[in-house]
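As a plain string of letters, each chain reads:
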Amino acid sequence: MGIAKFSHVSEKQYRAATEGRGECLPLGEIPLPRRSTRGSAGYDFVTPMEVVIPAGGKVMIPTGIRCRMEEGWVLLMFPRSGLGFRYQIRLSNTVGVIDSDYWYAENEGHILVPLRNPNPEPVTLARGERFCQGVFVPFGLAEEDAEPGERTGGFGSTGR
């Protein structure tokens, strides 16, 4: 019935993305994203380490998670509403777009979440805190769509 499956990235990918980031949850202890209630659209992601977003600054959070999904679907990433409401925290790229072919990227489709803090004070997220959510959405193609190239990476990897 489902159109997607979450899994962890490899231990090698996780170590490379979290090196020098302080004490991290072991990869196997990072919960796979899940919905909080039956009516929830969003799948919650947690921080694998304590994260301090500096005042007026930004951070990139490696989640340790990847997602295989059927073609014709996209996973849209948003900050959890509490972070937005209390601290105005937002994704640096406004909305994260995880395409179905990102699974095959050189970084194993590791979902990285860039957060921005517009406040004059730093904001701290605890290790294991739910901080963003992903929502699956189907998408269509234009009639004049041409077969595009192959993906190699994430942020900005498909050209300008």
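The sections below set out a description of the structure shown in this document. Here the structure is a predicted model, which is why all the values come from computation and not from measurement.

**Description of unusual backbone geometry**
Right, on to step 1. Positive phi is not limited to glycine here, since Gln 88 has a value of about 60 degrees.
Right, on to step 2. By secondary structure assignment, the location of Gln 88 is in the loop between helix H2 (81-87) and strand E7 (90-91).
Right, on to step 3. Phi angles above zero are rare outside glycine, and Glu 108 is one such case at about 70 degrees.
Right, on to step 4. Relative to the assigned elements, Glu 108 resides in the loop between strand E8 (96-99) and strand E9 (112-116).

**Remarks on the nonpolar core**
Right, on to step 1. In this structure, Phe 45, Leu 75, Met 77, Ile 111, Leu 115, Leu 125 and Phe 131 are the most contacted members of the largest nonpolar core, which totals 34 residues.
Right, on to step 2. For this core, the secondary-structure elements that each account for two or more residues are strand E2 (43-46), strand E3 (51-53), strand E4 (58-62), strand E5 (65-69), strand E6 (73-79), E9, strand E10 (123-125) and strand E11 (130-138).
Right, on to step 3. Ignoring anything within four residues of it in the chain, the contact list for Leu 75 reads Phe 6, Phe 45, Cys 67, Met 69, Gly 96, Val 97, Ile 98, Ile 111, Gly 134, Val 135 and Phe 136.

**Some points on the pattern of salt bridges**
Right, on to step 1. Evaluated as defined, the whole model comprises four salt bridges.
Right, on to step 2. For the salt bridge of Glu 11 with Arg 15, the shortest nitrogen-to-oxygen distance reads 3.9 Å. In this pair, Glu 11 and Arg 15 are both assigned in helix H1 (residues 11-18), four residues apart and thus about one turn of the helix distant.
Right, on to step 3. One salt bridge connects Glu 23 with Arg 127, and the closest N-O pair in it is separated by 3.2 Å. Taken together, the positions of Glu 23 in the loop between H1 and E2 and Arg 127 in the loop between E10 and E11 put the pair 104 residues apart, joining distant regions of the chain.
Right, on to step 4. Overall, Glu 23 belongs to the exposed group, its relative accessible area being 62%.
Right, on to step 5. Residue Arg 127 is classed as partly exposed on the basis of its relative accessible area of 39%.
Right, on to step 6. One salt-bridge network, in which partners are shared between bridges, spans Asp 44, Arg 80 and Arg 130.

**A look at the sheet that holds E9**
Right, on to step 1. The three strands are arranged E4-E9-E7 in an open sheet whose pairing can be described as antiparallel. Two strands in the sheet have a free side with no partner beyond their single neighbour: E4 and E7.
Right, on to step 2. Judged from the five bridges that link them, E4 and E9 form a sheet pairing that is antiparallel. Bridge pairing in E9 links Val 59 to Leu 115.

**What about the packing of aromatic side chains?**
The geometry of an aromatic ring pair comes down to the distance between the two centres and the angle between the two planes.
Right, on to step 1. Scanning the model with the defined rule gives four aromatic pairs in all.
Right, on to step 2. Between Phe 6 and Tyr 43, the ring centres sit 5.5 Å apart and the planes meet at 55 degrees, which makes this aromatic pair tilted. Note that Phe 6 is positioned in strand E1 (residues 4-8) and Tyr 43 in strand E2, a separation of 37 residues in sequence.
Right, on to step 3. Taking relative accessible area as the criterion, Tyr 43 reaches 24% and is therefore assigned partly exposed.

**Some remarks on the sheet that holds E6**
Right, on to step 1. The sheet built from four strands is open, its strands ordered E2-E11-E6-E8 with antiparallel pairing. Among the strands making up the open sheet, the edge pair consists of E2 and E8. Strand-to-strand twist in this sheet, taken as the mean axis angle between neighbours without regard to direction, amounts to 30 degrees.
Right, on to step 2. Relative to E11, E2 runs antiparallel, the two sharing four bridges. Across the sheet, Asp 44 pairs through a bridge with Gln 133, a residue of E11.

Scoring rules and cut-offs
- Residues numbered from 1 in each chain as written.
- Predicted model: local features only at pLDDT ≥ 70, side-chain atom pairs only at ≥ 80, totals over all residues.
- Heavy atoms only, no water.
- Helix = DSSP H or I, 4+ residues; strand = E, 2+ residues; numbered from the N terminus.
- Core = buried A, V, L, I, M, F, W, Y, C linked by side-chain atoms within 4.5 Å.
- Buried < 20%, exposed > 50% of the residue type's maximum accessible area, 1.4 Å probe, protein only.
- Contact = heavy atoms within 4.5 Å.
- Salt bridge = Lys/Arg side-chain N within 4 Å of Asp/Glu carboxyl O.
- Pairing = 2+ DSSP bridges.
- Phe/Tyr/Trp six-rings, centres within 6.5 Å; stacked < 30°, edge-to-face > 60°.
- Axes fitted to C-alpha atoms, helices over the stretch in contact; angles between N-to-C directions.

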